[in-house]
Amino acid sequence: MERSGSEPKTLFPKGPSFTLENFSNKDFVVRDFVDSLAESAVPSTRRSGVSQQSFDPKPLIRTFENALSQLALLGDELQEKESELLSRVRRAEFQHDQTLDTLGRKLDQSMSSFEALDSSLNSSNNAYDTNEPSDDGVNVAVQIGEKLEELDRKRRRAQDAIFLIQCWNEVSETGQLTSLQDVQRQGGPDNKVRCAVIARQLMRISQRLDPAAWGQTNGQRNGVTNGAGSRSHDTREVLEKFCETLEQDLLKQFNDSYRRQNFEDMRECAKVLHDFNGGASVIATFVNQHQFFIDRDQLLNDEVTTDSDTWDQLADPDLEPPGIDTSLQSLVDEVKIVMQEESFIIKRAFPYYETVLIKFIQRVFQQSIQQRLEQVLDKAETISTLAFLRSLHSSRAYISALVEDLKTHGLTEHPEPCSAQISQTLDQQMDELFVPYLVGNSYIDREKKSLEEIYGSLLFKFTIYHSRRKKAPTGFMASLAQQGTQIIASAKDAYIERLDSSELTPTQKAVMLRVAGVRDKENKNEIEVSEEDGTLSVANAKRMLKWLAESVQRTLELGTQTETPKDVNVLLGLLLTSMGNVYVQTALDAAHDQATSLENSRTEPDLSYLPATRPAVTITTIMERFITIVLIRLAESNTTVRRSMEAQLKVAVDNIEKKTNSILKVSIDVVANWVARSLANQKKQDFRPKDGALDSLQTMTCSGICAFLSRARQQARSAIDGQNAEKFFSELAQVIMKLLFDHFKKFQVNATGGLMVTQDISKYVSTMRDWGLSKEVLTSVELLSEIGSLFIVGPEALKEKARTLHATSSLSKGKLSKADFRAFVQRRDDSGTVGIQSVLSGL
């Protein structure tokens, strides 16, 4: 019996069992399979190395037999499946070949049909147009589409014509527009456009068929009655009322869309209104109701409230201008932001955005900016002319910067620059803002007026001083001095008259008095002036040029290029009159008058007038350089004006140079005359002192003259330098040498007196040697030392000097003529001795 649950026992051991999956596995390897069978066929016992029984192959044989029988069954099954699949493939290939044949036949039929249609269309097209080449390829679909579109347009025109006639019959017979109002109620952009177009057409029909409603006497065509003569309804009134209602409805919808920022709906409304009446109403609504203009209209009612310190700074020529008015600056800054933001909205809300932007720009400039600009300039004009000019300049510069920023930003073309039309509009509005202030000569006249006021203030005390000084009754250039006196008097009178003018504002008067250094309560004809007020000041000249440079800068930036030469010519004339004539030449006239009055002075002349020529030369140099580099260069575009300016400058500089040279020449005469007068006071016995009565080897006359010459040198050195000084002192030295040369021929000299002559001459020479003379004149001066020795040397030495000092002419190349040599030697007390006579006889 077998135990329940246990395997039944067999006679032979059972081999391993396998299925198809064991051999179909991708990891199956024959060698490994055989090895595993061999290992399982030889069991090992627990006692290692000892085999229990011999190898029994029968289990393996039966296993292989079982496997072979299963493989045979599987092979038969596989063969059946392969045969079935092959038959299916053959049927599918046959069916595929039939499908290809059918499709090929259908494609050939389609191509034939297309070619037949193409040929028929070509032949039809050639029949209408013989010039069209027969081989031209025609896009059939496009031609058919165009014909269909044309037919559709004709159909729609016909429908619109029917509807238009229907509407006209309604309005002419019943005075109603029921059909058109129904279309309006449907809403939608297409219906709005249709309403607008039909309403406009009905208006034209009414003008022709109902002339009575339009106030026409003969507007009907013959044969067109339609009851017009007995029509009781005013078609014009009905149509205008409908158009007004339609327009208001569209405008209301546009505004509602604007508040909701619905740009698409705004664009549709704007398009309809443009087709309806050119878009004027919607543009006006958009611009006029803009919050920017509403807010700014309220602010424009406020006065310009700039603080007083700023206005004082504007009116003071010595202070830098503070810039644009703060309220105008705030407005311009806001305009920049608003225009950049609104241009974005305009482009999205209007199909004709460029037209809208131009209207918006015009409104901004012509209303907001212009009104505030006028307020600022009107206020500045009540302060002073200079305050007005500075405000005008700063305002234009700031607004010009706004225009350039808007052009660069591009507005509706952002981020690209503005279009040519927008750019032109901005430039035009910019020009129109400032044309009233720059037209003709109005601007340059203001500049000239402002400069005349502050120049007159600065030179007021100067002109008073020179108008009061005592004039020399006669003398060289007396006529020119008289002319200068007239200029001075007229300048002073013009200033006083201006101060007393009712047109002068309090601020302007205060500035003029401050520049002039005068108190308001002083009597203008009794003002105390000092000598310092009548002398030239380089600092004042620089102030005048600084003020003029500011005017030139404004002229360049505010004026046009074609007018610049004429404008700077006006400023040149003012500068030459104020600085050249009133200031420099007046001071030179005063110096010349003083020098002339000292020519025959009985007391030692005071040469303190000489230093006045130094600032005169300096100021003239600065003025000439400014005119040449700045003013004349700005007039190069106009040859006629430039040459005129060059001629004016040359005349002015020549006059100043002539007066300066005249002063120096008169000064040489003044010094020479006083030296001659001093030499004439030399006592006859000065060079024949008695023994024991000699206090000094130098005479008092020599000491006085040398002290005077030292003072004259100091005054002249403070007036001139360089080559001018060398020429002046060389000429003065020659005159004094001639006086001394003649002077020592007049006195009898004893032995002790010879020493005194030598000492005097040595003092004269040392005094003149320090003047910086030319080489030739210095050689002549050194000859004086040799003349002194002629009075003290013995006969032998005198004979040697006779050989070395002889020359053909007096004072020629450091030589003496025989006559001069004889004249000096004969003044010696011992000239009658044999030794001296032998020298003289040997000449």
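Everything numeric in this text was worked out from a predicted model, so none of it was measured.

Parameters at a glance
Residues numbered from 1 in each chain as written. Predicted model: local features only at pLDDT ≥ 70, side-chain atom pairs only at ≥ 80, totals over all residues. Heavy atoms only, no water. Helix = DSSP H or I, 4+ residues; strand = E, 2+ residues; numbered from the N terminus. Buried < 20%, exposed > 50% of the residue type's maximum accessible area, 1.4 Å probe, protein only. Contact = heavy atoms within 4.5 Å. Areas by Shrake-Rupley, 256 points an atom, 1.4 Å probe, with all protein chains shown as cover. 1 Å grid on protein atoms, 1.4 Å probe; cavity = no way out; pocket = protein on both sides within 12 Å on 5 of 7 lines; lining within 4 Å. Points joined across faces, edges and corners; volume = space filled by probe spheres on them. Nonpolar A, V, L, I, M, F, W, Y, C, P; charged D, E, K, R; others polar. Salt bridge = Lys/Arg side-chain N within 4 Å of Asp/Glu carboxyl O. Polar contact = N/O pair within 3.5 Å; in protein donor to acceptor, adjacent residues only side chain to side chain. Axes fitted to C-alpha atoms, helices over the stretch in contact; angles between N-to-C directions. Parallel < 35°, antiparallel > 145°, perpendicular 65-115°, else oblique. Left-handed = near helix turned anticlockwise from the far one by under 90°. Phe/Tyr/Trp six-rings, centres within 6.5 Å; stacked < 30°, edge-to-face > 60°. Lys NZ or Arg CZ within 6 Å of the ring centre and 35° of its normal. Core = buried A, V, L, I, M, F, W, Y, C linked by side-chain atoms within 4.5 Å. pLDDT = per-residue confidence, 0-100.

Undergrad: I'm lost on the overall build of the protein in this one. Help?
TA: Each helix and strand counted, the protein has 30 helices and zero strands in total. Looking at the protein residue by residue over its 843 residues, the buried ones come to 39%. For the protein, the proportion of contacts with a sequence separation of at least 24, taken over those separated by at least 6, is 76%. By element, 50% of the accessible surface of the protein is carried by carbon and sulfur atoms, the whole surface being about 47,800 Å².

Undergrad: Explain empty space enclosed by the protein here, please?
TA: The gaps of empty space that remain are located by a probe, the size of a water molecule, rolled over the atoms. This model, assessed by the stated rule, comprises four cavities of 30 Å³ or more. Approximately 60 Å³ is the volume found for the largest cavity. Taken together, Ala-315, Pro-317, Ser-384, Thr-385, Leu-386, Ser-450, Glu-453, Ile-454, Gln-508, Val-511 and Met-512 form the lining of the largest cavity. Only α14 (385-409), α16 (442-458) and α19 (506-516) provide two or more residues apiece to the lining of the largest cavity. Classifying every residue of the lining of the largest cavity by side-chain character gives six nonpolar, four polar and one charged.

Undergrad: Is there a simple way to think about the environment of Ser-785 in this case?
TA: On the secondary structure map, Ser-785 appears in helix α27 (residues 775-789). On the basis of relative accessibility, which here comes to 31%, the residue Ser-785 falls in the partly exposed class. Placed 21 residues apart in sequence, Ser-785 and Tyr-764 show a C-alpha to C-alpha distance of 9.2 Å. When neighbours within four sequence positions are excluded, Ser-785 is seen to be in contact with Ile-761 and Val-765.

Undergrad: How do you make sense of the side chain of Arg-390 when you look at a structure like this?
TA: Mapped onto the elements of the fold, Arg-390 is located in helix α14. Once residues lying within four places of it in the same chain are set aside, the contact partners of Arg-390 are Gln-313, Leu-314, Asp-316, Pro-317, Leu-319, Glu-320, Pro-321, Glu-550 and Arg-554.

Undergrad: Looking at this model, I keep getting lost on the pattern of salt bridges. Mind explaining?
TA: Opposite charge on two side chains allows them to pair when their charged atoms are near. Summed over all chains, the structure comprises 29 salt bridges. Across the pair Asp-256 and Lys-252 runs a salt bridge, and its minimum N-O distance is 3.2 Å. Taken together, the positions of Asp-256 and Lys-252, both in helix α7 (residues 235-259) and four residues apart, correspond to about one turn of that helix. The salt bridge partner of Asp-830 is Arg-828, with a shortest N-O separation of 3.0 Å. On the basis of relative accessibility, which here comes to 5%, the residue Arg-828 falls in the buried class. Within this structure, Asp-316, Asp-318, Arg-514 and Arg-543 form a network of salt bridges that share partners.

Undergrad: Can you walk me through unusual backbone geometry in this structure?
TA: Each neighbour pair has its own omega, and for His-414 with Pro-415 the value is 10 degrees, a cis peptide bond. Here Pro-415 shows up in the loop between α14 and α15 (420-438). Of note, the phi angle at Gln-261 is positive, near 60 degrees, even though the residue is not glycine. Tracing the sequence through the fold places Gln-261 in the loop between α7 and α8 (263-277). One non-glycine residue, Leu-411, adopts positive backbone phi at about 55 degrees. In this fold, Leu-411 is placed in the loop between α14 and α15.

Undergrad: Is there a simple way to think about the environment of Ser-662 in this case?
TA: Looking at where Ser-662 falls in the secondary structure, it is placed in helix α23 (residues 639-680). Separated by 66 residues in sequence, Ser-662 and Thr-596 have C-alpha atoms that sit 9.9 Å apart. Of the polar contacts made by the side chain of Ser-662, one reaches the side chain of His-592; its length is 2.9 Å.

Undergrad: Mind showing me how you'd approach the packing of α14 against α16 here?
TA: Packed helices, taken two at a time, are described by the angle between their axes plus the distance between the axes. At a minimum axis distance of 9 Å, the contact between α14 and α16 shows a crossing angle of 135 degrees. In terms of orientation, α14 lies oblique with respect to α16. In this structure, the crossing between α14 and α16 has a hand that is left-handed. Residues Thr-385, Leu-386, Phe-388, Leu-389 and Leu-392 of α14 touch α16, and the partners they reach there are Tyr-443, Arg-446, Glu-447, Lys-449, Ser-450 and Glu-453. The residue inventory of the contact of α14 with α16, partitioned by class, reads five nonpolar, two polar and four charged.

Undergrad: Help me understand the packing of aromatic side chains in this model?
TA: Scanning all chains against the criterion turns up 15 aromatic pairs. Pairing Phe-687 with Phe-744 gives two aromatic rings, centres 5.9 Å apart and planes at 55 degrees, and the pair type is tilted. On the criterion of sequence distance, the pair formed by Phe-687 in the loop between α23 and α24 (700-717) and Phe-744 in the loop between α25 (722-743) and α26 (751-769) is long-range, its members being 57 residues apart. Arranged with centres 5.2 Å apart and planes meeting at 80 degrees, the rings of Phe-728 and Phe-729 form a pair that is edge-to-face. Assessed through its relative accessible area of 6%, Phe-728 is described here as buried. Judged by relative accessible area, Phe-729 falls into the buried class, the value being 1%. An aromatic cluster is defined as three or more aromatic residues linked by ring pairs; in this entry it consists of Phe-254, Tyr-258, Phe-286, Phe-350, Tyr-352 and Phe-360. The ring of Phe-388 carries Arg-446 above its face, with NZ or CZ at 4.1 Å from the centroid.

Undergrad: I keep staring at the nonpolar core and nothing clicks. Help me out?
TA: Ranked by size, the top nonpolar core spans 186 residues in total, and within it Phe-350, Phe-365 and Met-768 carry the most contacts. No other element matches the 15 residues that α23 contributes to this core. The residues contacting Met-768, other than those within four sequence positions of it, are Ala-733, Ile-736, Met-737, Leu-740, Leu-773, Val-781 and Leu-784. If you look at the next biggest cluster of nonpolar residues, it comprises eleven residues, including Phe-460, Ile-464, Val-518 and Ile-527.

Undergrad: Teacher, can you tell me more about the confidence of the model for the protein here?
TA: Averaged over every residue, the pLDDT of the protein is 82; the share at 70 or more is 83%. Note that pLDDT drops below 50 for residues 45-51; the model gives that stretch three contacts with residues more than four away or on any other chain.

Undergrad: Got a minute to help me understand the side chain of Ser-730 in this structure?
TA: Tracing the chain through its elements places Ser-730 in helix α25. A relative accessible area of 7% places Ser-730 in the buried class. Polar contacts involving the side chain of Ser-730 include one to the main-chain carbonyl oxygen of Glu-726, which spans 2.6 Å. Polar contacts involving the side chain of Ser-730 include one to the main-chain amide nitrogen of Ser-774, which spans 3.1 Å. Non-local contacts of Ser-730, meaning those with residues more than four positions away in its chain, are made with Leu-773, Ser-774 and Val-777.

Undergrad: Hey, could you run me through the packing of α14 against helix α20 (residues 538-558) in this one?
TA: In contact at an axis separation of 10 Å, α14 and α20 are set at 45 degrees when each is read in the N-to-C sense. Classed by the angle they form, the pair α14 and α20 counts as oblique. Where α14 crosses over α20, the two elements pack in a sense that is left-handed. For the pair formed by α14 and α20, the contact residues are Leu-386, Leu-389, Arg-390, Leu-392, His-393 and Arg-396 on the first element and Glu-550, Gln-553, Arg-554, Glu-557 and Leu-558 on the second. Looking at the contact of α14 with α20 residue by residue, the class counts come to four nonpolar, two polar and five charged.

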